[in-house]
Amino acid sequence: MKIAVFPGSFDPITVGHESIVKRGVDLFDKLIIAIGHNSNKKSFFSIEQRIAWIEKVFEGYDNIVVDNYSGLTVDYCQSVGATYILRGLRTSSDFEFERSIGQMNKKIFPKIETIFILSQPEHTMINSGVVRDIIRHNGNADQFVPSCIDVSKGLRNK
Ligand code: ADP
């Protein structure tokens, strides 16, 4: 069984993430969208809120599950039997960042393969950080997030 993990912070999920998942899901038997969290780093939206949104976006996909983890991504992959990591690539700087993480992950856990999907051109400028800035300043971020979610009403961390 081919199990993949799509790790990220998804704070919040964007249309860029949504597209990568929809285009990647059929490559695997099961895709786990896994929210990595770090107790030292405060997120903008609560973990419960981020999970609820991702579950809503992919309800109806019976081979997608949503989970969260802390610690090393490869340790999490091993614990759930995943041998693939799915990642999106927007720019050459994404590539450089991903190259070093991917090569390190392969050294630590040789069974893992990182699979990259190029972002759609219209999603290249989207990242969760700018979406958070728009929300923080009461702007309208609707076009950057999946259509079924309302980020303006999301449960935020204090
Ligand atoms: P962000 O950059 O939005 O904070 P994460 O760090 O949670 O996202 O990244 C999770 C994965 O989603 C990474 O592989 C990242 O390259 C990918 N990703 C993020 N935004 C986009 C986008 N706009 N288009 C395609 N892939 C993306």
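Peer 1: Just checking my understanding: could you explain the overall build of the protein chain for this structure?
Peer 2: A tally of regular secondary structure across the protein chain gives five helices and five strands. When the helices and strands of the protein chain are read in sequence order from the N terminus, they spell out β-α-β-α-β-α-β-α-β-α. Taken over C-alpha atoms, the radius of gyration comes to 15 Å for the protein chain, in line with the 15 Å a tight globule of 158 residues would show. Along the first, second and third principal axes, the C-alpha atoms of the protein chain reach 45 × 35 × 30 Å. The buried share among the 158 residues of the protein chain stands at 44%. Once local pairs closer than 6 in sequence are excluded, the contacts in the protein chain between residues at least 24 apart make up 80%. Averaging the coordinates of the 19 positive side-chain charges in the protein chain and doing the same for the 18 negative ones gives two points 5 Å apart.

Peer 1: Explain the packing of aromatic side chains here, please?
Peer 2: Two descriptors summarise a pair of aromatic rings, namely the distance from one centre to the other and the angle between the planes of the rings. Scanning the entire structure with this criterion turns up six aromatic pairs. The interplanar angle of 45 degrees and the centroid separation of 5.5 Å between the aromatic rings of F28 and Y84 together place this pair among those described as tilted. With F28 in the loop between α1 (15–24) and β2 (30–36) and Y84 in strand β4 (residues 84–89), this residue pair connects regions lying 56 residues apart in the sequence. Relative to F45, the ring of F44 lies with its centre 4.9 Å away and its plane at 85 degrees, an arrangement referred to as edge-to-face. The class of F45 is buried, set by a relative accessible area of 0%. Through pairs of rings, three or more aromatic residues link up here, namely F44, F45 and W53.

Analysis parameters
- Residues numbered from 1 in each chain as written.
- Predicted model: local features only at pLDDT ≥ 70, side-chain atom pairs only at ≥ 80, totals over all residues.
- Heavy atoms only, no water.
- Helix = DSSP H or I, 4+ residues; strand = E, 2+ residues; numbered from the N terminus.
- Rg over C-alpha atoms; globule rule 2.2 N^0.38 Å.
- Buried < 20%, exposed > 50% of the residue type's maximum accessible area, 1.4 Å probe, protein only.
- Contact = heavy atoms within 4.5 Å.
- Lys, Arg positive; Asp, Glu negative; His and termini not counted.
- Charge placed at Lys NZ, Arg CZ, Asp CG, Glu CD.
- Phe/Tyr/Trp six-rings, centres within 6.5 Å; stacked < 30°, edge-to-face > 60°.

Purely geometric numbers; function is a separate question.
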